[in-house]
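The residues making up each chain are set out below.
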Amino acid sequence: MTAQVTAEGQRLFVGGAWVEPDGGHYEVVDPATEETVGWAPEASRDQVHAACAAAREAFGPWSRTTPEERAAVLARAAEIIGGRLEPYAELARAETGATTATARRMQVGVAAARFRRYARVEPAEWAIPPQINEAGPMGRAAVMGALAVRQPVGVVTCVTSYNNPWANPAGKVAPALAMGNTVVVKPAPQDPLSVYRMAQALEAAGVPRGVVNVVSGRSVEVGEAAVESPDVDMVSFTGSTAVGQRIAEVCGRDMKRQLMELGGKGAAVVFDDADVGSAVAGIGTTFSFYSGQICTAPTRVLAQRGVYDRLVEQLAAYAGRLKVGDPREPDTVVGPVISAAHRDRVESYVELGRKEGAVVVAGGERPSASKASKVSEVSDRGFYVAPTLLADCTNDMRVAREEIFGPVVVVIPFEEEEEGVELANDTDYGLIDYVWSADVSRAFRVARRLRAGGVGVNTVGRNMEAPFGGFKRSGVGRDVGSYALHAYSEVQAIVWPG
(Lines give C-alpha, C1' and ligand atoms only; values in the text may rest on other atoms or scores of the structure.)
Protein backbone atom coordinates (compact mmCIF):
# COMPACT_ATOMS: atom_id res chain seq x y z
CA MET A 1 0.00 0.00 0.00
CA THR A 2 1.38 3.39 -0.98
CA ALA A 3 1.77 5.78 1.93
CA GLN A 4 -1.25 8.04 1.95
CA VAL A 5 0.19 10.67 4.31
CA THR A 6 3.41 12.62 3.83
CA ALA A 7 5.17 15.05 6.13
CA GLU A 8 3.39 17.82 4.25
CA GLY A 9 -0.09 16.34 4.68
CA GLN A 10 -2.75 13.92 3.54
CA ARG A 11 -2.97 12.79 -0.09
CA LEU A 12 -6.11 12.42 -2.21
CA PHE A 13 -7.39 8.93 -3.08
CA VAL A 14 -8.08 8.81 -6.82
CA GLY A 15 -8.31 5.73 -9.01
CA GLY A 16 -6.73 3.51 -6.37
CA ALA A 17 -3.69 5.79 -5.96
CA TRP A 18 -2.72 8.26 -3.26
CA VAL A 19 -1.90 11.46 -5.15
CA GLU A 20 -0.62 14.89 -4.20
CA PRO A 21 -3.28 17.60 -4.36
CA ASP A 22 -2.93 20.32 -6.97
CA GLY A 23 -4.19 22.93 -4.51
CA GLY A 24 -1.79 22.14 -1.70
CA HIS A 25 -3.02 21.57 1.84
CA TYR A 26 -5.05 23.40 4.44
CA GLU A 27 -5.13 23.17 8.22
CA VAL A 28 -7.63 20.98 10.08
CA VAL A 29 -8.22 22.46 13.54
CA ASP A 30 -9.26 20.73 16.78
CA PRO A 31 -12.42 22.61 17.90
CA ALA A 32 -11.59 21.91 21.55
CA THR A 33 -8.04 23.26 21.60
CA GLU A 34 -7.71 25.25 18.35
CA GLU A 35 -4.53 23.26 17.68
CA THR A 36 -3.63 21.71 14.34
CA VAL A 37 -4.88 18.13 13.86
CA GLY A 38 -3.37 17.67 10.41
CA TRP A 39 -3.23 18.98 6.87
CA ALA A 40 -6.00 18.12 4.42
CA PRO A 41 -5.58 18.08 0.65
CA GLU A 42 -7.18 20.70 -1.62
CA ALA A 43 -8.19 19.02 -4.87
CA SER A 44 -8.42 20.85 -8.16
CA ARG A 45 -11.42 20.63 -10.46
CA ASP A 46 -9.37 18.44 -12.81
CA GLN A 47 -8.54 16.04 -9.98
CA VAL A 48 -12.18 15.79 -9.00
CA HIS A 49 -13.13 15.03 -12.59
CA ALA A 50 -10.32 12.45 -12.71
CA ALA A 51 -11.83 10.78 -9.63
CA CYS A 52 -15.24 10.68 -11.30
CA ALA A 53 -13.70 9.27 -14.48
CA ALA A 54 -11.91 6.59 -12.45
CA ALA A 55 -15.19 5.64 -10.80
CA ARG A 56 -16.84 5.44 -14.23
CA GLU A 57 -14.13 3.15 -15.55
CA ALA A 58 -14.36 0.90 -12.48
CA PHE A 59 -18.15 0.73 -12.54
CA GLY A 60 -18.51 -1.93 -15.23
CA PRO A 61 -16.27 -4.57 -13.66
CA TRP A 62 -17.44 -3.84 -10.09
CA SER A 63 -21.14 -3.94 -10.99
CA ARG A 64 -20.62 -7.36 -12.58
CA THR A 65 -19.11 -8.89 -9.43
CA THR A 66 -21.43 -11.08 -7.40
CA PRO A 67 -23.19 -9.68 -4.33
CA GLU A 68 -21.21 -12.20 -2.28
CA GLU A 69 -17.89 -10.82 -3.53
CA ARG A 70 -18.92 -7.28 -2.71
CA ALA A 71 -20.20 -8.35 0.70
CA ALA A 72 -16.85 -9.96 1.49
CA VAL A 73 -15.04 -6.67 0.85
CA LEU A 74 -17.46 -4.78 3.11
CA ALA A 75 -17.10 -7.39 5.85
CA ARG A 76 -13.30 -7.10 5.75
CA ALA A 77 -13.59 -3.31 5.89
CA ALA A 78 -15.81 -3.57 8.97
CA GLU A 79 -13.24 -5.82 10.64
CA ILE A 80 -10.38 -3.45 9.83
CA ILE A 81 -12.27 -0.41 11.11
CA GLY A 82 -13.22 -2.24 14.30
CA GLY A 83 -9.62 -3.31 14.80
CA ARG A 84 -8.41 0.27 14.54
CA LEU A 85 -11.14 1.71 16.73
CA GLU A 86 -8.89 3.61 19.13
CA PRO A 87 -6.72 5.57 16.66
CA TYR A 88 -9.65 6.21 14.35
CA ALA A 89 -11.78 7.45 17.26
CA GLU A 90 -9.00 9.69 18.53
CA LEU A 91 -8.71 11.33 15.12
CA ALA A 92 -12.49 11.74 14.91
CA ARG A 93 -12.55 13.30 18.37
CA ALA A 94 -9.79 15.73 17.42
CA GLU A 95 -11.40 16.70 14.11
CA THR A 96 -14.98 17.11 15.38
CA GLY A 97 -14.71 17.95 19.07
CA ALA A 98 -16.94 14.99 19.93
CA THR A 99 -16.45 13.39 23.33
CA THR A 100 -14.29 10.28 23.39
CA ALA A 101 -17.29 8.04 24.08
CA THR A 102 -19.24 9.53 21.18
CA ALA A 103 -16.29 9.23 18.80
CA ARG A 104 -15.83 5.57 19.69
CA ARG A 105 -19.41 4.36 19.77
CA MET A 106 -21.46 6.71 17.60
CA GLN A 107 -18.88 7.61 14.98
CA VAL A 108 -16.35 4.82 14.35
CA GLY A 109 -18.46 2.13 16.01
CA VAL A 110 -21.53 2.95 13.93
CA ALA A 111 -19.43 3.08 10.76
CA ALA A 112 -18.14 -0.44 11.37
CA ALA A 113 -21.69 -1.61 12.08
CA ARG A 114 -22.93 -0.12 8.81
CA PHE A 115 -20.28 -1.91 6.79
CA ARG A 116 -21.23 -5.14 8.57
CA ARG A 117 -24.91 -4.49 7.85
CA TYR A 118 -24.40 -4.19 4.11
CA ALA A 119 -22.08 -7.20 4.04
CA ARG A 120 -25.33 -9.15 4.39
CA VAL A 121 -26.48 -10.31 0.97
CA GLU A 122 -30.16 -9.64 0.25
CA PRO A 123 -32.26 -10.64 -2.76
CA ALA A 124 -32.07 -8.06 -5.55
CA GLU A 125 -34.99 -9.40 -7.57
CA TRP A 126 -38.56 -10.40 -6.91
CA ALA A 127 -41.41 -11.89 -8.90
CA ILE A 128 -44.41 -9.88 -10.06
CA PRO A 129 -47.80 -11.68 -10.15
CA PRO A 130 -48.53 -12.92 -13.72
CA GLN A 131 -50.98 -10.95 -15.82
CA ILE A 132 -53.44 -12.36 -18.39
CA ASN A 133 -53.46 -10.24 -21.57
CA GLU A 134 -56.23 -10.55 -24.10
CA ALA A 135 -55.47 -10.57 -27.81
CA GLY A 136 -55.16 -7.13 -29.34
CA PRO A 137 -52.92 -4.75 -31.28
CA MET A 138 -49.92 -5.76 -29.13
CA GLY A 139 -50.20 -9.46 -29.92
CA ARG A 140 -52.01 -12.68 -29.17
CA ALA A 141 -53.56 -13.54 -25.85
CA ALA A 142 -50.91 -14.56 -23.34
CA VAL A 143 -50.02 -14.90 -19.72
CA MET A 144 -47.19 -12.46 -19.06
CA GLY A 145 -44.67 -13.12 -16.37
CA ALA A 146 -42.54 -10.34 -14.86
CA LEU A 147 -39.52 -9.91 -12.66
CA ALA A 148 -38.39 -6.74 -10.89
CA VAL A 149 -34.62 -6.45 -10.59
CA ARG A 150 -32.57 -3.93 -8.65
CA GLN A 151 -29.71 -2.62 -10.76
CA PRO A 152 -26.92 -0.28 -9.61
CA VAL A 153 -27.34 3.39 -10.50
CA GLY A 154 -23.72 3.89 -11.59
CA VAL A 155 -21.28 6.44 -10.21
CA VAL A 156 -22.46 8.03 -6.96
CA THR A 157 -21.04 11.26 -5.56
CA CYS A 158 -21.35 11.19 -1.76
CA VAL A 159 -21.17 14.64 -0.15
CA THR A 160 -21.00 14.17 3.60
CA SER A 161 -21.61 16.27 6.71
CA TYR A 162 -19.13 17.47 9.32
CA ASN A 163 -20.99 16.27 12.40
CA ASN A 164 -20.11 12.60 11.87
CA PRO A 165 -17.21 11.91 9.49
CA TRP A 166 -17.50 8.15 10.03
CA ALA A 167 -21.14 7.09 10.34
CA ASN A 168 -22.44 9.49 7.70
CA PRO A 169 -20.12 8.49 4.83
CA ALA A 170 -20.32 4.81 5.85
CA GLY A 171 -24.10 5.04 5.58
CA LYS A 172 -23.67 6.13 1.97
CA VAL A 173 -20.64 4.20 0.80
CA ALA A 174 -21.55 0.77 2.23
CA PRO A 175 -25.02 0.37 0.62
CA ALA A 176 -23.84 2.03 -2.60
CA LEU A 177 -20.99 -0.47 -2.93
CA ALA A 178 -23.22 -3.37 -1.90
CA MET A 179 -25.50 -2.56 -4.84
CA GLY A 180 -22.58 -2.51 -7.28
CA ASN A 181 -22.11 1.25 -7.59
CA THR A 182 -18.78 3.05 -7.49
CA VAL A 183 -18.34 6.19 -5.39
CA VAL A 184 -16.62 9.55 -5.22
CA VAL A 185 -16.70 10.86 -1.65
CA LYS A 186 -16.43 14.58 -1.05
CA PRO A 187 -16.13 14.98 2.76
CA ALA A 188 -16.94 18.11 4.72
CA PRO A 189 -13.95 20.50 4.71
CA GLN A 190 -13.82 20.76 8.50
CA ASP A 191 -12.99 17.09 9.20
CA PRO A 192 -12.00 15.13 6.07
CA LEU A 193 -9.07 13.20 7.52
CA SER A 194 -11.30 10.49 9.01
CA VAL A 195 -12.84 9.81 5.60
CA TYR A 196 -9.37 9.15 4.18
CA ARG A 197 -8.86 6.59 6.96
CA MET A 198 -12.07 4.93 5.79
CA ALA A 199 -10.68 4.82 2.25
CA GLN A 200 -7.48 3.30 3.65
CA ALA A 201 -9.54 0.58 5.36
CA LEU A 202 -11.45 -0.15 2.16
CA GLU A 203 -8.21 -0.32 0.19
CA ALA A 204 -6.82 -2.81 2.71
CA ALA A 205 -10.07 -4.76 2.47
CA GLY A 206 -9.44 -5.30 -1.23
CA VAL A 207 -11.73 -2.81 -2.93
CA PRO A 208 -10.62 -2.61 -6.59
CA ARG A 209 -8.95 0.48 -8.01
CA GLY A 210 -11.35 3.31 -8.80
CA VAL A 211 -14.33 1.82 -6.94
CA VAL A 212 -13.82 4.25 -4.04
CA ASN A 213 -12.35 7.74 -4.49
CA VAL A 214 -12.00 10.57 -1.95
CA VAL A 215 -11.43 14.21 -2.87
CA SER A 216 -11.56 17.10 -0.42
CA GLY A 217 -11.19 20.84 -0.31
CA ARG A 218 -12.45 24.05 1.21
CA SER A 219 -13.27 25.55 -2.18
CA VAL A 220 -16.88 25.36 -3.32
CA GLU A 221 -15.43 24.36 -6.69
CA VAL A 222 -14.52 20.90 -5.34
CA GLY A 223 -18.09 20.01 -4.44
CA GLU A 224 -19.47 21.57 -7.59
CA ALA A 225 -17.11 19.52 -9.77
CA ALA A 226 -18.08 16.31 -7.96
CA VAL A 227 -21.78 17.02 -8.55
CA GLU A 228 -21.71 18.33 -12.12
CA SER A 229 -19.29 15.79 -13.63
CA PRO A 230 -20.88 14.03 -16.61
CA ASP A 231 -19.50 10.76 -15.23
CA VAL A 232 -21.75 11.02 -12.16
CA ASP A 233 -25.20 9.36 -12.19
CA MET A 234 -26.38 10.12 -8.65
CA VAL A 235 -25.65 12.50 -5.79
CA SER A 236 -26.17 11.55 -2.15
CA PHE A 237 -25.94 14.61 0.07
CA THR A 238 -26.21 15.30 3.79
CA GLY A 239 -26.15 18.93 4.87
CA SER A 240 -28.07 22.17 4.83
CA THR A 241 -31.26 22.72 2.89
CA ALA A 242 -29.74 25.71 1.08
CA VAL A 243 -26.84 23.66 -0.30
CA GLY A 244 -29.19 20.78 -1.07
CA GLN A 245 -31.32 23.08 -3.20
CA ARG A 246 -28.29 24.15 -5.23
CA ILE A 247 -27.25 20.53 -5.74
CA ALA A 248 -30.79 19.60 -6.80
CA GLU A 249 -30.75 22.34 -9.46
CA VAL A 250 -27.55 20.92 -10.95
CA CYS A 251 -28.85 17.36 -10.80
CA GLY A 252 -32.11 18.40 -12.41
CA ARG A 253 -30.37 19.67 -15.52
CA ASP A 254 -28.98 16.19 -16.25
CA MET A 255 -31.74 14.14 -14.56
CA LYS A 256 -29.30 12.71 -12.02
CA ARG A 257 -30.71 10.69 -9.18
CA GLN A 258 -30.70 12.38 -5.77
CA LEU A 259 -30.79 11.30 -2.14
CA MET A 260 -30.97 14.29 0.17
CA GLU A 261 -30.83 14.34 3.97
CA LEU A 262 -31.24 18.01 4.79
CA GLY A 263 -32.07 20.25 7.73
CA GLY A 264 -34.39 19.66 10.65
CA LYS A 265 -36.27 21.54 13.35
CA GLY A 266 -37.71 18.57 15.18
CA ALA A 267 -40.84 19.24 17.24
CA ALA A 268 -41.20 17.45 20.58
CA VAL A 269 -44.90 17.50 21.45
CA VAL A 270 -45.20 16.95 25.21
CA PHE A 271 -48.70 16.40 26.59
CA ASP A 272 -49.86 17.01 30.15
CA ASP A 273 -49.87 13.29 30.96
CA ALA A 274 -46.32 12.69 29.73
CA ASP A 275 -43.54 11.15 31.79
CA VAL A 276 -41.68 14.42 32.28
CA GLY A 277 -38.43 12.71 33.26
CA SER A 278 -38.41 10.72 30.03
CA ALA A 279 -39.22 13.82 27.98
CA VAL A 280 -36.47 15.85 29.67
CA ALA A 281 -33.91 13.10 29.12
CA GLY A 282 -34.86 12.78 25.45
CA ILE A 283 -34.99 16.49 24.70
CA GLY A 284 -31.82 17.01 26.74
CA THR A 285 -29.84 15.04 24.17
CA THR A 286 -30.00 18.21 22.05
CA PHE A 287 -27.80 19.94 24.61
CA SER A 288 -25.18 17.20 24.67
CA PHE A 289 -25.18 14.87 21.66
CA TYR A 290 -22.70 16.36 19.15
CA SER A 291 -23.27 19.64 21.05
CA GLY A 292 -26.62 19.96 19.32
CA GLN A 293 -25.09 19.61 15.85
CA ILE A 294 -27.55 16.97 14.71
CA CYS A 295 -30.48 17.36 12.35
CA THR A 296 -32.68 14.88 14.24
CA ALA A 297 -32.53 16.80 17.53
CA PRO A 298 -35.83 17.76 19.25
CA THR A 299 -34.95 21.45 19.29
CA ARG A 300 -38.52 22.84 19.22
CA VAL A 301 -40.45 21.76 22.31
CA LEU A 302 -44.22 22.16 22.26
CA ALA A 303 -45.43 21.78 25.84
CA GLN A 304 -49.08 21.55 26.85
CA ARG A 305 -49.98 24.17 29.46
CA GLY A 306 -50.44 21.73 32.33
CA VAL A 307 -46.85 20.49 32.04
CA TYR A 308 -45.17 23.61 30.65
CA ASP A 309 -43.72 25.07 33.87
CA ARG A 310 -42.45 21.73 35.16
CA LEU A 311 -40.88 20.91 31.83
CA VAL A 312 -39.09 24.25 31.56
CA GLU A 313 -37.84 24.00 35.13
CA GLN A 314 -36.51 20.46 34.69
CA LEU A 315 -34.95 21.16 31.30
CA ALA A 316 -33.14 24.17 32.76
CA ALA A 317 -31.88 22.05 35.66
CA TYR A 318 -30.78 19.32 33.23
CA ALA A 319 -28.83 21.82 31.12
CA GLY A 320 -27.19 23.25 34.24
CA ARG A 321 -25.89 19.84 35.34
CA LEU A 322 -24.03 19.13 32.11
CA LYS A 323 -20.27 19.53 32.13
CA VAL A 324 -18.99 21.50 29.15
CA GLY A 325 -15.31 21.04 28.50
CA ASP A 326 -12.44 19.01 27.14
CA PRO A 327 -14.01 16.13 25.17
CA ARG A 328 -11.08 13.88 26.14
CA GLU A 329 -12.10 13.98 29.80
CA PRO A 330 -14.35 11.00 30.71
CA ASP A 331 -16.93 13.10 32.59
CA THR A 332 -17.36 15.72 29.83
CA VAL A 333 -20.85 15.64 28.32
CA VAL A 334 -20.78 18.68 26.03
CA GLY A 335 -17.82 19.37 23.78
CA PRO A 336 -17.29 22.31 21.42
CA VAL A 337 -19.08 23.13 18.19
CA ILE A 338 -17.15 22.64 14.97
CA SER A 339 -15.65 26.11 14.45
CA ALA A 340 -15.40 29.68 15.67
CA ALA A 341 -17.67 30.79 12.84
CA HIS A 342 -20.33 28.29 13.84
CA ARG A 343 -20.05 29.27 17.50
CA ASP A 344 -20.65 32.89 16.48
CA ARG A 345 -23.66 31.81 14.43
CA VAL A 346 -25.21 29.87 17.33
CA GLU A 347 -24.59 32.75 19.73
CA SER A 348 -26.19 35.19 17.29
CA TYR A 349 -29.36 33.10 17.37
CA VAL A 350 -29.44 33.19 21.17
CA GLU A 351 -29.15 36.98 21.06
CA LEU A 352 -31.84 37.08 18.39
CA GLY A 353 -34.09 35.03 20.65
CA ARG A 354 -33.67 37.61 23.42
CA LYS A 355 -34.60 40.40 21.03
CA GLU A 356 -37.63 38.44 19.83
CA GLY A 357 -38.90 38.16 23.42
CA ALA A 358 -37.73 34.71 24.48
CA VAL A 359 -36.66 34.22 28.09
CA VAL A 360 -33.20 32.68 28.55
CA VAL A 361 -33.64 30.28 31.47
CA ALA A 362 -30.37 28.36 31.02
CA GLY A 363 -27.09 29.15 29.28
CA GLY A 364 -27.04 32.16 26.99
CA GLU A 365 -23.46 33.12 27.78
CA ARG A 366 -20.19 31.77 26.47
CA PRO A 367 -18.63 29.29 28.91
CA SER A 368 -15.42 30.59 30.42
CA ALA A 369 -12.79 29.16 32.72
CA SER A 370 -13.18 32.28 34.83
CA LYS A 371 -16.73 31.30 35.82
CA ALA A 372 -17.36 28.83 38.60
CA SER A 373 -20.53 27.02 37.49
CA LYS A 374 -20.58 23.39 36.39
CA VAL A 375 -21.52 24.43 32.88
CA SER A 376 -18.41 26.55 32.57
CA GLU A 377 -15.55 24.16 33.25
CA VAL A 378 -13.71 24.86 29.99
CA SER A 379 -10.44 26.44 28.97
CA ASP A 380 -10.28 29.84 27.33
CA ARG A 381 -9.52 28.10 24.02
CA GLY A 382 -11.99 26.13 21.97
CA PHE A 383 -15.35 26.81 20.36
CA TYR A 384 -17.73 26.16 23.25
CA VAL A 385 -21.39 27.08 23.57
CA ALA A 386 -23.28 26.64 26.84
CA PRO A 387 -26.44 24.49 26.65
CA THR A 388 -29.15 27.10 26.27
CA LEU A 389 -32.90 26.95 26.93
CA LEU A 390 -35.22 29.65 25.55
CA ALA A 391 -38.69 29.69 27.10
CA ASP A 392 -41.90 31.62 26.39
CA CYS A 393 -41.28 31.37 22.66
CA THR A 394 -43.81 31.61 19.86
CA ASN A 395 -43.76 29.62 16.66
CA ASP A 396 -43.23 32.70 14.49
CA MET A 397 -39.88 33.57 16.10
CA ARG A 398 -36.84 32.90 13.91
CA VAL A 399 -35.27 30.86 16.71
CA ALA A 400 -38.31 28.57 16.47
CA ARG A 401 -38.36 28.39 12.67
CA GLU A 402 -34.71 28.22 11.57
CA GLU A 403 -32.24 25.41 12.17
CA ILE A 404 -29.64 26.61 14.68
CA PHE A 405 -27.59 23.39 14.76
CA GLY A 406 -26.25 23.90 18.24
CA PRO A 407 -27.11 23.15 21.90
CA VAL A 408 -30.17 25.44 21.90
CA VAL A 409 -33.75 24.37 22.70
CA VAL A 410 -36.84 26.59 22.41
CA VAL A 411 -40.07 25.90 24.34
CA ILE A 412 -43.52 26.93 23.07
CA PRO A 413 -46.76 26.41 25.05
CA PHE A 414 -50.01 25.07 23.58
CA GLU A 415 -53.49 24.37 24.95
CA GLU A 416 -55.25 21.50 23.14
CA GLU A 417 -54.12 18.57 21.00
CA GLU A 418 -55.24 20.19 17.75
CA GLU A 419 -53.14 23.28 18.44
CA GLY A 420 -50.11 21.16 19.26
CA VAL A 421 -50.39 19.31 15.96
CA GLU A 422 -50.85 22.56 14.01
CA LEU A 423 -47.80 24.12 15.66
CA ALA A 424 -45.68 21.03 15.02
CA ASN A 425 -46.59 21.05 11.32
CA ASP A 426 -46.15 24.82 10.94
CA THR A 427 -42.52 24.57 9.78
CA ASP A 428 -40.50 24.33 6.59
CA TYR A 429 -38.88 21.17 7.90
CA GLY A 430 -40.07 17.63 8.48
CA LEU A 431 -37.28 15.21 9.37
CA ILE A 432 -38.06 13.67 12.77
CA ASP A 433 -40.65 14.76 15.34
CA TYR A 434 -41.41 13.34 18.78
CA VAL A 435 -44.50 12.78 20.95
CA TRP A 436 -44.58 12.21 24.69
CA SER A 437 -47.84 11.01 26.23
CA ALA A 438 -48.97 8.29 28.63
CA ASP A 439 -51.97 7.75 26.35
CA VAL A 440 -50.46 5.48 23.70
CA SER A 441 -53.56 5.73 21.51
CA ARG A 442 -53.28 9.50 21.43
CA ALA A 443 -49.53 9.39 20.89
CA PHE A 444 -49.90 7.23 17.77
CA ARG A 445 -52.87 9.25 16.55
CA VAL A 446 -50.82 12.44 16.78
CA ALA A 447 -47.75 10.75 15.27
CA ARG A 448 -49.69 9.87 12.13
CA ARG A 449 -50.75 13.49 11.73
CA LEU A 450 -47.24 14.91 11.95
CA ARG A 451 -45.67 15.85 8.62
CA ALA A 452 -42.30 14.32 9.31
CA GLY A 453 -40.33 11.43 7.86
CA GLY A 454 -40.05 9.84 11.30
CA VAL A 455 -41.76 10.16 14.67
CA GLY A 456 -40.43 8.96 18.01
CA VAL A 457 -43.13 8.01 20.52
CA ASN A 458 -41.86 8.47 24.08
CA THR A 459 -38.28 8.05 22.86
CA VAL A 460 -35.50 9.67 20.83
CA GLY A 461 -34.11 6.23 20.01
CA ARG A 462 -33.81 4.94 16.46
CA ASN A 463 -34.52 1.61 14.80
CA MET A 464 -31.64 1.26 12.36
CA GLU A 465 -33.71 -0.75 9.88
CA ALA A 466 -36.50 1.86 9.73
CA PRO A 467 -36.56 4.19 6.70
CA PHE A 468 -34.85 7.53 7.31
CA GLY A 469 -35.52 10.76 5.44
CA GLY A 470 -37.61 13.90 5.51
CA PHE A 471 -40.75 15.60 4.33
CA LYS A 472 -40.76 19.12 2.88
CA ARG A 473 -37.38 20.88 3.00
CA SER A 474 -35.83 18.14 5.10
CA GLY A 475 -34.94 16.01 2.13
CA VAL A 476 -35.72 13.71 -0.75
CA GLY A 477 -35.74 9.91 -0.57
CA ARG A 478 -35.15 7.35 2.17
CA ASP A 479 -32.19 5.30 3.29
CA VAL A 480 -31.06 3.03 6.19
CA GLY A 481 -31.58 -0.72 6.23
CA SER A 482 -33.03 -2.24 3.07
CA TYR A 483 -34.32 1.20 2.08
CA ALA A 484 -30.73 2.26 1.35
CA LEU A 485 -30.37 -0.61 -1.12
CA HIS A 486 -33.42 0.76 -2.91
CA ALA A 487 -32.03 4.30 -2.74
CA TYR A 488 -28.77 3.31 -4.46
CA SER A 489 -30.40 1.24 -7.18
CA GLU A 490 -32.64 1.49 -10.21
CA VAL A 491 -35.51 -0.97 -10.58
CA GLN A 492 -35.66 -2.79 -13.91
CA ALA A 493 -38.68 -4.80 -15.09
CA ILE A 494 -38.12 -7.95 -17.18
CA VAL A 495 -41.28 -9.28 -18.86
CA TRP A 496 -41.83 -12.54 -20.78
CA PRO A 497 -44.72 -14.65 -22.09
CA GLY A 498 -45.68 -17.50 -19.79
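S.K.: What is the right way to look at helix α13 (residues 417-425) in this model?
M.R.: An α-helix turns once every 3.6 residues. As a result, residues three or four positions apart point the same way. Within α13 the residues assigned to the buried category are Glu 417, Gly 420, Val 421, Leu 423 and Ala 424. Projection of α13 onto a plane perpendicular to its axis shows the buried side chains occupying an angular sector of 165°, all on one side. Structurally, α13 contributes buried residues whose contacts are with β14 (267-270), β15 (300-304), β18 (408-414), β19 (432-436) and α14 (440-449).

S.K.: For this particular structure, what's the right way to read the environment of Ala 72?
M.R.: Mapped onto the fold, Ala 72 is located in helix α2 (residues 67-83). Overall, Ala 72 belongs to the partly exposed group, its relative accessible area being 29%.

S.K.: Hey, could you run me through the packing of helix α3 (residues 85-96) against helix α4 (residues 100-117) in this one?
M.R.: Angle between the axes and distance between the axes: these two values describe a pair of packed helices. Two elements in contact, α3 and α4, have axes whose closest approach is 8 Å; the angle formed by their N-to-C orientations is 110°. The angle between the axes of α3 and α4 places the two elements in the roughly perpendicular class. Remark: the crossing between α3 and α4 carries right-handed chirality. Contact with α3, carried on its side by Leu 85, Glu 86, Tyr 88, Ala 89, Ala 92, Arg 93 and Thr 96, involves Thr 100, Ala 103, Arg 104, Gln 107, Val 108 and Gly 109 of α4 and no other residues of that element. Among the residues forming the contact of α3 with α4, the class breakdown is 6 nonpolar, 4 polar and 3 charged.

S.K.: Would you take a moment to explain the side chain of Thr 33 for this structure?
M.R.: Residue position: Thr 33 is located in the loop between β5 (25-29) and β6 (36-41). On the basis of relative accessible area, Thr 33 is assigned to the buried category, the value being 13%. One polar contact links the side chain of Thr 33 to the main-chain amide nitrogen of Glu 35, over a distance of 3.2 Å. Those residues in contact with Thr 33, other than ones at most four positions away along the chain, are Arg 328, Arg 381 and Gly 382.

S.K.: What should I look at first to understand the pairing of β19 in this one?
M.R.: Side chains on a regular strand alternate between the two faces of the sheet. Among the 5 residues of β19, 5 are classified as buried, and the element is accordingly described as predominantly covered. Covered by surrounding structure in β19 are Ile 432, Tyr 434 and Trp 436 together with Asp 433 and Val 435, the residues of both alternating faces. Sheet topology places β14 next to β19; 3 bridges connect them, and they run parallel. Counterpart to Val 269 in the pairing with β19 is Val 435. Pairing between β19 and strand β20 (residues 454-457): 4 bridges, direction parallel. Following the sheet pairing, Tyr 434 is matched in β20 by Gly 456. Since β19 and β20 lie parallel, the crossover through α14 that links them has a hand, and here it is right-handed.

S.K.: Mind showing me how you'd approach the sheet that holds strand β8 (residues 142-152) here?
M.R.: In spatial order, the strands read β7-β8-β22; together these 3 strands make up an open sheet with antiparallel pairing. One side of each edge strand has no neighbouring strand; the edge strands of this open sheet are β7 (125-133) and β22 (489-497). On average, adjacent strands in this sheet sit at an angle of 25° to one another, irrespective of strand direction. In this sheet, β8 lies alongside β7 in antiparallel orientation, the contact comprising 7 bridges. Opposite Glu 125, over in β8, you have Val 149 as the bridge partner.

S.K.: Hey, could you run me through a nonpolar patch on the surface in this one?
M.R.: A surface patch of nonpolar side chains, amounting to about 250 Å² of accessible area, comprises Trp 126, Ile 128 and Val 491. Structurally, the position occupied by Ile 128 is in strand β7. Looking at Ile 128, the relative accessible area reads 36%, which means it is partly exposed.

S.K.: I keep staring at the packing of aromatic side chains and nothing clicks. Help me out?
M.R.: Each pair of aromatic rings is reported with the distance of its centres and the angle of its planes. In total, this model carries 7 aromatic pairs according to the counting rule given. Seen in terms of ring centroids, Tyr 162 and Phe 405 are 5.9 Å apart; in terms of plane orientation they differ by 85°. Their pairing is edge-to-face. Taken together, the residues Tyr 162 in the loop between β9 (155-159) and α5 (167-178) and Phe 405 in the loop between α12 (398-401) and β18 connect sequence positions 243 residues apart. Given a relative accessible area of 15%, Tyr 162 falls into the buried group. Joined through ring pairs, the aromatic side chains of Phe 13, Trp 18 and Tyr 196 make up one cluster. Of note, Arg 305 hangs over the ring of Tyr 308, and the distance from its end group to the ring centre comes to 5.9 Å.

S.K.: Please explain the nonpolar core as it appears in this structure.
M.R.: Note on soluble globular proteins: their nonpolar side chains tend to be buried together. Counting 74 residues, the largest nonpolar core has Val 48, Ile 81, Phe 115, Trp 166, Leu 177, Val 183 and Leu 202 as the members making the most contacts within it. Take this core: its biggest share by element is 7 residues, from α2. Ignoring any residue separated from it by four or fewer positions in sequence, one finds Phe 115 in contact with Leu 74, Ala 77, Ala 78, Ile 81, Ala 170, Val 173, Ala 174, Met 198 and Leu 202. In terms of nonpolar packing, the next biggest core, distinct from the first, is built from 39 residues, Cys 295, Val 312, Ala 362 and Ile 432 among them.

What counts, and where the lines are drawn
Residues numbered from 1 in each chain as written. Predicted model: local features only at pLDDT ≥ 70, side-chain atom pairs only at ≥ 80, totals over all residues. Heavy atoms only, no water. Buried < 20%, exposed > 50% of the residue type's maximum accessible area, 1.4 Å probe, protein only. Helix = DSSP H or I, 4+ residues; strand = E, 2+ residues; numbered from the N terminus. Arc of directions from axis to C-beta. Contact = heavy atoms within 4.5 Å. Axes fitted to C-alpha atoms, helices over the stretch in contact; angles between N-to-C directions. Parallel < 35°, antiparallel > 145°, perpendicular 65-115°, else oblique. Left-handed = near helix turned anticlockwise from the far one by under 90°. Nonpolar A, V, L, I, M, F, W, Y, C, P; charged D, E, K, R; others polar. Polar contact = N/O pair within 3.5 Å; in protein donor to acceptor, adjacent residues only side chain to side chain. Pairing = 2+ DSSP bridges. Right-handed = clockwise from strand over helix to strand, strands pointing away. Patch = residues over 30% accessible without salt bridge, like charges linked within 9 Å, V, L, I, M, F, W, Y side chains within 5 Å. Areas by Shrake-Rupley, 256 points an atom, 1.4 Å probe, with all protein chains shown as cover. Salt bridge = Lys/Arg side-chain N within 4 Å of Asp/Glu carboxyl O. Phe/Tyr/Trp six-rings, centres within 6.5 Å; stacked < 30°, edge-to-face > 60°. Lys NZ or Arg CZ within 6 Å of the ring centre and 35° of its normal. Core = buried A, V, L, I, M, F, W, Y, C linked by side-chain atoms within 4.5 Å.

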